[in-house]
Structures are given as structure tokens and as C-alpha cells.
Amino acid sequence: QRQLVESGGGLVQAGGSLRLACAAPGTILSVFTDNIKNWYRQAPGKERELVASIKYGGTTDYADSVKGRFTMSRDNTKRTVYLQMDNLKPEDTGVYYCNHHSQYGTDVWGQGTQVTVSS
């Protein structure tokens, strides 16, 4: 069963930066590249929201709240996607989840990594 392994969360002051990583060990390259790869986050008491996506071909999309501050990228050879988060704000606090969505409609989720931004 495929799995996603996340890393890079932590505690940072407002204005700081963090880089999240999501590895998909053992995933066949064609499966990795074909999947839509997403980062979601869930703040306490709120619903999970989509933060950033990277599609086949490398096209990226971002939530309005993070545009200009977050950058999503991928390294196909490492089967890993990244979320570079700059100029972090307290409202960015939450658990960040990596997700792979296949062309067949199936989803694989990471375990989540906590990001806390202090004011």
C-alpha cells in the first residue's frame, strides 16, 4: 500500500519560514508524475482546506490566502513534493497534510505535520 511521509513542520515566529516535504517511497515514477499532488491544512476548529496543488506538467495553484508567500515544487527523482512557506502568519497555524489524487479518483494521505506560527 502506498504511503506518504511528511516532514518539516515546527514552531516559528511570524515572518519566518518553514519547508515541508512529502515523500512517496516506492512509488512508480509514472504514477508519481500523473497524480495531482496537494497540500491541505486544518486549523483547530476549522475544516480542512486546500492550500496548494501541483498537476501533471508542473502547473501549480494556490489558495488566495497563501499566494506570493508559499511555493510548491516537486522532485520526481526523489518522489517528493515540497511546500516552501515564507512570511508565515499566525493564521497559517494548523496541521498540514500531503495528498496524492489519482486520475482514477483515489486518494492517499500523509500523516500530517504540525505548523505553529507565533505572533
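Refer to the structure above for everything that follows.
Cut-offs applied
Residues numbered from 1 in each chain as written. Predicted model: local features only at pLDDT ≥ 70, side-chain atom pairs only at ≥ 80, totals over all residues. Heavy atoms only, no water. Core = buried A, V, L, I, M, F, W, Y, C linked by side-chain atoms within 4.5 Å. Buried < 20%, exposed > 50% of the residue type's maximum accessible area, 1.4 Å probe, protein only. Helix = DSSP H or I, 4+ residues; strand = E, 2+ residues; numbered from the N terminus. Contact = heavy atoms within 4.5 Å. Pairing = 2+ DSSP bridges. Axes fitted to C-alpha atoms, helices over the stretch in contact; angles between N-to-C directions. Salt bridge = Lys/Arg side-chain N within 4 Å of Asp/Glu carboxyl O. Polar contact = N/O pair within 3.5 Å; in protein donor to acceptor, adjacent residues only side chain to side chain.

### Focus: the nonpolar core
Ranked by internal contacts, the top residues of the largest apolar core, which has 24 residues, are Trp39, Phe70, Val81, Leu83, Met85 and Tyr96. The set of elements that each furnish at least two residues to this core consists of strand 3 (18-23), strand 5 (49-54), strand 7 (70-75), strand 8 (80-85), strand 9 (94-101) and strand 11 (113-118). When near neighbours in sequence (up to four residues on either side) are disregarded, tyrosine 96 contacts Glu6, Leu20, Trp39, Tyr40, Arg41, Val51, Phe70, Leu83, Met85, Gly112, Thr113 and Val115.

### Regarding the sheet that holds strand 7
Strand order in the open sheet formed by four strands is 1-3-8-7, and the pairing between neighbours is antiparallel. Whereas interior strands pair on both sides, the edge strands pair on one side only; in this sheet they are strand 1 (5-7) and strand 7. With direction set aside, neighbouring strand axes in the sheet form an average angle of 15 degrees. Sheet analysis places strand 1 next to strand 3, joined by three bridges and oriented antiparallel. For glutamate 6, the partnering residue across the bridge sits in strand 3 and is cysteine 22.

### Some thoughts on the pairing of strand 8
Of all six residues that make up strand 8, five are buried, and the element is covered over most of its length. Taken together, the six bridges between strand 3 and strand 8 define a ladder with antiparallel strand orientation. Each residue of the ladder has a partner; that of arginine 19, found in strand 8, is glutamine 84. Alignment of strand 7 against strand 8, held across six bridges, turns out to be antiparallel. Bridge assignment links phenylalanine 70 to a residue of strand 8, and that residue is methionine 85.

### Quick notes on the pattern of salt bridges
Applying the stated criterion to the full structure yields five salt bridges. Across the salt bridge formed by glutamate 49 and arginine 41, the nearest N and O atoms sit 2.7 Å from each other. Taking relative accessible area as the criterion, arginine 41 reaches 6% and is therefore assigned buried. Each of Arg41, Glu49, Arg69 and Asp92 takes part in salt bridges that share partners, so that together they form one network.

### So, the side chain of asparagine 99
Relative to the helices and strands, asparagine 99 is located in strand 9. Residue asparagine 99 is classed as buried on the basis of its relative accessible area, which comes to 0%. A distance of 3.1 Å separates the side chain of asparagine 99 from the side chain of aspartate 107, its partner in a polar contact. Excluding residues that lie within four positions of it along the chain, asparagine 99 makes contacts with Leu4, Ile36, Lys37, Asn38, Tyr40, Asp107, Val108 and Trp109.

### Some words on unusual backbone geometry
Although it is not a glycine, arginine 79 sits at a positive phi angle of roughly 55 degrees. With respect to the element layout, arginine 79 can be found in the loop between strand 7 and strand 8. The backbone of asparagine 87 shows a phi angle near 50 degrees, a positive value even though the residue is not glycine. In this fold, asparagine 87 is placed in the loop between strand 8 and strand 9.

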